[in-house]
Amino acid sequence: ALDLPVEADLSRRPLAGVRIAITQRNMSALVHDDVVDAVAAARAACERLGATVIELSVPVEMNKADYDTILMAEARSYHARYAAQEELYRGSTRDFLAFGSPEIAVGQYLDSQHARVEVTDRWRSWFRGHGIDVLLEPTQAIPASKRGSGYDADQAVGGEDPMTLFTALWNFTGFPAVTVPTTLGARSELPMSVSLISGPGEEHRAVRIGLALQRYEFPPLSPSPVSSV
């Protein structure tokens, strides 16, 4: 089914034969109602285009401590050369890099890398075992925030920030993801989006599904006219 041309007529149900999974991963009170609605709208759109959508349990949870260990070890190693210019970094980035802090032990780093490989293998087997083309989930947990405060000091990072709540796992495992704009949120009146995650080396699946959604269900939104005051 995924070999059908994106230009296929809608009557041919361009996503017929496609299997799309949905999970409850991280779907907590942190997730804005507009985001929940966007996923529901995308699910319904996929089904209208002929896809089969199934609900599944997640195979394994990412250990945030392992995510943090790898992220901090590699980022701090790279940025150490700029310690003398730390005052030029934005507040939250400077907090995260923590110039002058003790180095993360090699053993701890290697243990986290082994854990990353195991988590990646479990998710790869999950996709293959269930015959899943893509996983459908939110791109982030909240609508876009106002510009200006995201890089202030004392900001949540490493998968705790609602903007990375869903994406952190795919950064950790390296799975390809496509983000598809959907509709305007009923409450926020801001553009929403969903992510389509495929297995490693299978990004063509997510791209084709995303293009079909954009062509038939979620055409690009026209910007609202801005009135001068």
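Cut-offs applied
- Residues numbered from 1 in each chain as written.
- Predicted model: local features only at pLDDT ≥ 70, side-chain atom pairs only at ≥ 80, totals over all residues.
- Heavy atoms only, no water.
- Helix = DSSP H or I, 4+ residues; strand = E, 2+ residues; numbered from the N terminus.
- Buried < 20%, exposed > 50% of the residue type's maximum accessible area, 1.4 Å probe, protein only.
- Contact = heavy atoms within 4.5 Å.
- Areas by Shrake-Rupley, 256 points an atom, 1.4 Å probe, with all protein chains shown as cover.
- Salt bridge = Lys/Arg side-chain N within 4 Å of Asp/Glu carboxyl O.
- Pairing = 2+ DSSP bridges.
- Axes fitted to C-alpha atoms, helices over the stretch in contact; angles between N-to-C directions.
- Core = buried A, V, L, I, M, F, W, Y, C linked by side-chain atoms within 4.5 Å.
- Phe/Tyr/Trp six-rings, centres within 6.5 Å; stacked < 30°, edge-to-face > 60°.
- 1 Å grid on protein atoms, 1.4 Å probe; cavity = no way out; pocket = protein on both sides within 12 Å on 5 of 7 lines; lining within 4 Å.
- Points joined across faces, edges and corners; volume = space filled by probe spheres on them.
- Nonpolar A, V, L, I, M, F, W, Y, C, P; charged D, E, K, R; others polar.
- Expected span 1.5 Å × (residues − 1).
- Arc of directions from axis to C-beta.

Please clarify how the overall build of the protein should be interpreted in this entry.
Helices and strands together make up the secondary structure of the protein, namely six helices and five strands. Starting at the N terminus, the α and β elements of the protein follow one another as β-α-β-α-α-α-β-α-β-β-α. The buried share of the protein, reckoned over its 229 residues, is 37%. Put simply, of all contacts in the protein between residues at least 6 apart along the chain, 76% involve residues at least 24 apart. For the protein, the exposed surface amounts to about 12,900 Å²; the carbon and sulfur share of it is 52%.

I'm lost on the pattern of salt bridges in this one. Help?
A side chain with one charge may pair with a side chain of the opposite charge, provided their charged atoms come close. The final tally for this structure, using the stated rule, is 11 salt bridges. The salt bridge partner of Asp34 is Arg187, with a shortest N-O separation of 2.7 Å. Pair noted here: Asp34 is in helix 1 (residues 33-48) and Arg187 is in the loop between strand 4 (177-184) and strand 5 (191-197), with a separation of 153 residues, a long-range link. You can call Asp34 buried: its relative accessible area is 1%. Of the residues examined, Arg187 reaches a relative accessible area of 49% and is grouped as partly exposed.

How should the sheet that holds strand 5 be read in this particular structure?
In a beta sheet, neighbouring strands are held together by backbone hydrogen bonds and run either parallel or antiparallel to one another. An order of 2-1-3-5-4 is seen for the five strands of this open sheet, with the pairing classed as mixed. Two strands lie at the open edges of the sheet, namely strand 2 (52-55) and strand 4, each paired on one side alone. In this sheet, neighbouring strand axes are inclined to one another by 30° on average, regardless of whether the strands run parallel or antiparallel. Note: strand 4 against strand 5, six bridges, orientation antiparallel. Paired with Val178 across the strands is Leu196, a residue of strand 5.

What is the right way to read the nonpolar core from this model?
The biggest cluster of nonpolar side chains holds 28 residues, and the ones touching the most others in it are Leu15, Ile20, Leu136, Val194, Leu196, Ile209 and Leu213. Of all the elements in the fold, those that place two or more residues in this core are strand 1 (19-22), helix 1, strand 3 (134-138), strand 5 and helix 6 (203-216). Sort the elements by how many residues they give to this core and helix 1 lands first, with six residues.

Whenever I open this one, the packing of aromatic side chains confuses me. Can you help?
To describe a pair of aromatic rings, one takes the distance between the centres and the angle between the planes. Summed over the entire model, instances satisfying the criterion amount to eight aromatic pairs. Here Tyr67 and Phe172 contribute two aromatic rings whose centre-to-centre distance is 6.2 Å and whose plane-to-plane angle is 40°, an arrangement assigned as tilted. Residue Tyr67 is found in helix 2 (residues 64-79), and its partner Phe172 is found in helix 5 (residues 167-173); the two are separated by 105 residues along the sequence. For Phe172, a relative accessible area of 6% puts it in the buried group. The structure contains a cluster of three or more aromatic residues connected by ring pairs, namely Trp123, Trp126, Phe127, Trp170 and Phe175.

Whenever I open this one, the environment of Ala105 confuses me. Can you help?
Tracing the backbone shows Ala105 in the loop between helix 3 (91-97) and helix 4 (106-129). Here the alpha-carbon distance between Ala105 and Thr69, two residues 36 residues apart in the chain, equals 9.5 Å.

I tried to follow the layout of surface pockets on my own but got confused; where do I start?
Once rolled over the atoms, a probe with the size of a water molecule shows which space is left empty. Roughly 280 Å³ of internal volume is contained in the second largest pocket. Around the second largest pocket, the lining residues are Ala73, Arg76, Ser77, Ala80, Leu97, Ala98, Phe99, Gly100, Ser101, Pro102, Glu103 and Ile104. A total of three residues in the lining of the second largest pocket trace back to one element, the largest contributor, which is helix 2. Partitioned by chemical class, the residues of the lining of the second largest pocket number seven nonpolar, three polar and two charged.

Is there a simple way to think about helix 6 in this case?
Spacing of three or four residues puts side chains on the same side of an α-helix, whose turn is 3.6 residues. In this model helix 6 runs 20 Å from its N-terminal to its C-terminal C-alpha over 14 residues, within 8% of the 20 Å that 1.5 Å per residue would give. Where helix 6 is concerned, the buried positions are Ala206, Ile209, Gly210, Ala212 and Leu213. Along the axis of helix 6, the buried residues cluster in a sector spanning 160°; they form a single face. Looking at the buried positions of helix 6, the neighbouring elements they touch are strand 1, helix 1, strand 3, strand 4 and strand 5.

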